[in-house]
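As a plain string of letters, each chain reads:
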Amino acid sequence: MRAAVLHEYGEELAIRDLPEPEPGPDDAVVRVDACGVCRSDWHAWKGHGEWADDLVPRGQVLGHEPAGEVVAVGDAVDRFAPGDRVVVPFSLGDGTCPHCRRGHGNVCADGRALGFEPDAPGAFAERVAVPRADYNLVERPSWLPARDAAALGCRYMTAYHALVERAGVGGGDRVAVHGCGGVGLSAVQIAAAVGARVVAVDVDDDALSRAVDLGAAETVLAGGGEADAGADADASVPERIRSLTDGGVDVSVDALGIAETCRNSVRSVRPRGTHVQVGLTTEAERGEVSLPTDWMTRWEVSFLGARGMPPTNYEDLFALVEATGIDPGALVTRELALPEVSDRLAAMDDYDVRGVEVVTEF
């Protein structure tokens, strides 16, 4: 099978012919019909993560947002069979630890991260193996095409988990989203769908325009300008958000992961508000960002982390999509062939990617 392999950090991925995976007793093999290209793939490709013991090794098959069809299962798999349409979460739990049993498989102590470690080869490939398939695989609804399901991958389901499951966002809440890339736009669409009023923040007018199309009520153009006539372009981003929201938002999300957006997000919340960290840091921060902790203590500001989503919670996300009519596929801006992935990862160096890009040709 063809697969895209990390040969050297920051260099073109090697397109290689590899042996097709064979399922173990508890495993399944999925034909990949679509796989998103995510900023987390960029972090892996750049060689980030050493500071968090999370450096992806050379020789890894990348890709962690797949959707497709089961082609083989192990003898012990009960819930799935060849021909089933599925989504594969990137957070793979063992299904047996206390976290998994309580519905928090995304933080499984013995879990694997699809596409980021040698015993979980990724989905920039024609086939991908899924361990503990009965726990980790998710049946794909008949109304959800593979391309759109790939758009639901890491970024969309992480945004859902961050907003709904971690921060408890609901109708009438005010939400700020800092960074309108794939996960940020997902957060905008989801927050609007559950009835929140969203302020989108970015340095790019086109990204903010797309955020408005997806449900943002107000926008703030960071970095020396303004996209909202009611905001003061000379004020800081948090000041402008507080002006737009009468004192601060209930929940603010850093969807980018640089020090500036993290601190801006924290400073944007009202007293007793909540910041949610979704974006991973770069080489500049190396996993560490200084925060106004005395101010956070004074105003009882909560700081939450969010990573992926447990596979057991996909039904709730599917129900939201179906009930509200929101369209994850609207985030897809480009379909790619496998050899194009390297160029699109390189484009992320300068944040030159809009929305969600998906590999559909292998």
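Because the structure is predicted, anything quoted here is derived from the model rather than measured. (Residues numbered from 1 in each chain as written. Predicted model: local features only at pLDDT ≥ 70, side-chain atom pairs only at ≥ 80, totals over all residues. Heavy atoms only, no water.)

### A word on the packing of aromatic side chains
The description of two aromatic rings rests on the distance between their centres and on the angle between their planes. Applied cut-off: The pairing test for Phe, Tyr and Trp rings, Trp by its six-membered ring, is centres within 6.5 Å, and the orientation test on the planes gives stacked under 30 degrees, edge-to-face over 60, and tilted for anything in between. Under the DSSP-based scheme used, a helix requires at least four consecutive residues in state H or I and a strand at least two consecutive residues in state E, with every element numbered from the N terminus. A simple rule labels every residue: compare its accessible area, found with a 1.4 Å probe on the protein chains alone, to the largest value its type can have, and call it buried under 20%, exposed over 50%, or partly exposed in between. Ring-over charges, as used throughout, are those where CZ of Arg or NZ of Lys falls within 6 Å of the ring centre and within 35 degrees of the ring normal.
Enumeration according to the criterion identifies 2 aromatic pairs in this entry. Centroid distance W143 to F318: 6.3 Å. Interplanar angle 85°. Geometry classified as edge-to-face. Placement of the pair is W143 in the loop between β9 (138-139) and α4 (146-166) and F318 in helix α10 (residues 314-324), with a sequence separation of 175 residues. Judged by relative accessible area, which is 6%, F318 ranks as buried. In this structure an aromatic cluster arises from ring pairing among W143, Y314 and F318. Geometry around W295 places R267 over its ring, the cationic atom sitting 4.8 Å from the centre. The ring of W299 carries R298 above its face, with NZ or CZ at 4.0 Å from the centroid.

### A few points about the domain arrangement of the protein
When the parts come together, some accessible area is lost, and that loss is often what is quoted as the size of the interface. Defined as follows: The split of the chain into domains comes from an automatic or database domain assignment. By the convention used here, residues are in contact when the closest approach between their heavy atoms is within 4.5 Å. Criterion for a salt bridge: a side-chain nitrogen of Lys or Arg within 4 Å of a carboxyl oxygen of Asp or Glu. Basically, the charged four are Asp, Glu, Lys and Arg, the nonpolar ten are Ala, Val, Leu, Ile, Met, Phe, Trp, Tyr, Cys and Pro, and anything else, Gly included, counts as polar.
What the domain assignment lists for the protein is domain 1 (2-154 + 309-359) and domain 2 (167-305). The centre of domain 1, based on its C-alpha atoms, is set 27 Å off from the matching centre of domain 2. Between domain 1 and domain 2, the residue contacts involve 19 residues of the former and 19 residues of the latter. Here domain 1 is connected to domain 2 by 1 salt bridge. Notably, a salt bridge pairs R354 with D204, separated by 3.2 Å at the nearest N-O pair. Broken down by secondary-structure element, the contributors of at least two residues to the side of domain 1 that touches domain 2 are α1 (39-46), α10 and β16 (332-337). A per-element tally of the side of domain 1 that touches domain 2 places α1 first, with 4 residues. When the residues that make up the side of domain 1 that touches domain 2 are grouped by side-chain class, the tally is 10 nonpolar, 6 polar and 3 charged.

### Thoughts on the side chain of H161
Tracing the backbone shows H161 in helix α4. If we skip the residues at most four places from it in the chain, H161 touches N106, R166, A306, R307, G308, M309 and P310.

### Thoughts on the sheet that holds strand β15 (residues 302-305)
This is how the line gets drawn: Any two strands are treated as partners once DSSP identifies two or more bridges connecting them. Here, axes are lines fitted to C-alpha atoms. For helices the fit covers the stretch in contact, and angles between N-to-C directions go from 0 to 180 degrees.
Strands sit in the order β12-β11-β10-β13-β14-β15 across an open sheet of 6 strands; the sheet is parallel. In this open sheet, the two strands that pair with only one neighbour each are β12 (218-221) and β15. If you compare each strand with its neighbour and ignore which way they point, the axes differ by 20° on average. Of the strand pairs in this sheet, strand β14 (residues 269-277) and β15 are connected by 4 bridges, and their pairing is parallel. Following the sheet pairing, V276 is matched in β15 by L304.

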